[in-house]
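Chain and residue survey
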Amino acid sequence: MQPSDVEGDLSRVLHTETEIADRIGDLCRRIEADEPADGDGRPLLLVGVLKGAVMVMADLARELRIPVEMDWMAVSSYGSSTRSSGVVRILKDLDTELDGRRVLIVEDIIDSGLTLSWLVANLRSRGPASVEVCALLRKPEAQRLAVDVKYSGFDIPNEFVVGYGLDYAERYRNLRAIAVLAPHVYT
């Protein structure tokens, strides 16, 4: 879906499909450069956070030129709101054991940092060799907890955004850009 298909629902486009693809490529080159040449023989484990990170994870995995494995978690701190409640629930846990693994959490967006901070601590408690974070978007003005994000795509304003996996009430995930959702849609 293109922004023109729902332009009445959008205030403005922040990043186009081309800009997103270019930034994903940049992130992948950095991840590849950081991977140890003499690793333990096991591929980097990408942990996607459902549902928002689906597009980021798919494009990141396809663009990486190193072996990777993928697993998924579903956690929620939003419910049907546009703001994080700070109370995190695991809706779907990993199928992969993390003991001794190099883990890269793949996130669509970091708002308050509350959910991601909880997730990083939870995964680190499972005995991985390392846990790093890759997030396509960050909202520095909304951040309430500092989270170490090794790979970050774009800093964006503290506005409600949709597209490229991000939704409002399960809509707009398939938008091929990242755009600010017009307030009349969710108020």
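Within each chain, residues carry numbers counting from 1 in the order of the written sequence. A pLDDT threshold of at least 70 governs which residues receive local features in this predicted model, and a stricter bar of 80 or more applies before side-chain atom pairs are shown or counted, although totals over entire chains, interfaces and linings include all residues. For the side-chain quantities, the full set of heavy atoms in the structure was used; hydrogens and water were omitted.

**Things to note about the nonpolar core**
We count it as follows: By nonpolar core is meant a set of buried Ala, Val, Leu, Ile, Met, Phe, Trp, Tyr and Cys residues that side-chain atoms within 4.5 Å join together. Exposure is judged per residue with a 1.4 Å probe applied to protein chains only, and the accessible area is read against the type maximum: over 50% gives exposed, under 20% gives buried, and values in between give partly exposed. Helix and strand assignments follow DSSP, with helices taken as H or I runs no shorter than four residues and strands as E runs no shorter than two, numbered in order from the N terminus. Here a residue-residue contact requires only that any non-hydrogen atoms of the pair lie within 4.5 Å.
Counting 27 residues, the largest nonpolar core has Leu60, Leu136, Leu137 and Val161 as the members making the most contacts within it. For this core, the secondary-structure elements that each account for two or more residues are α1 (17–34), β2 (44–50), α2 (54–63), β5 (102–110), β6 (130–138), β7 (151–155) and β9 (178–181). Here this core gets five residues from one element, more than from any other, and that element is α1. Contacts of Val161, omitting those with residues within four sequence positions, involve Leu14, Ile109, Leu137, Ile156, Leu166, Ile178, Ala179, Val180 and Leu181. Among the nonpolar cores identified, the runner-up in size contains 20 residues, and Val47, Val49, Ile110 and Val133 belong to it.

**What about the sheet that holds strand β1 (residues 10–15)?**
Applied cut-off: Paired strands are those between which DSSP finds at least two bridges.
The three strands are arranged β1-β9-β8 in an open sheet whose pairing can be described as antiparallel. On the outer flanks of this sheet lie β1 and β8 (161–162), each paired with one strand and no other. Relative to β9, β1 runs antiparallel, the two being bridged by four bridges. Across the sheet, the residue bridging to Val13 is Ala179, located in β9.

**Focus on the pattern of salt bridges**
Side chains that differ in charge, positive against negative, can pair when their charged atoms come close. We apply this condition: Every case where a carboxyl oxygen of Asp or Glu lies within 4 Å of a side-chain nitrogen of Lys or Arg is listed as a salt bridge.
For the coordinates displayed, the defined rule picks out 17 salt bridges. In this structure, the salt-bridge partner of Lys51 is Glu170, at a minimum N-O distance of 3.4 Å. Taken together, the positions of Lys51 in the loop between β2 and α2 and Glu170 in the loop between β8 and β9 put the pair 119 residues apart, joining distant regions of the chain. The class of Lys51 is partly exposed, set by a relative accessible area of 47%. Asp59 serves as the salt-bridge partner of Arg62, at 2.2 Å between the closest nitrogen and oxygen. Residue Arg62 and its partner Asp59 are both found in helix α2; the two are separated by three residues, about one turn of the helix. Since its relative accessible area comes to 24%, Asp59 is described here as partly exposed. Residues participating in the shared-partner salt-bridge network are Lys51, Asp167, Glu170 and Arg173.

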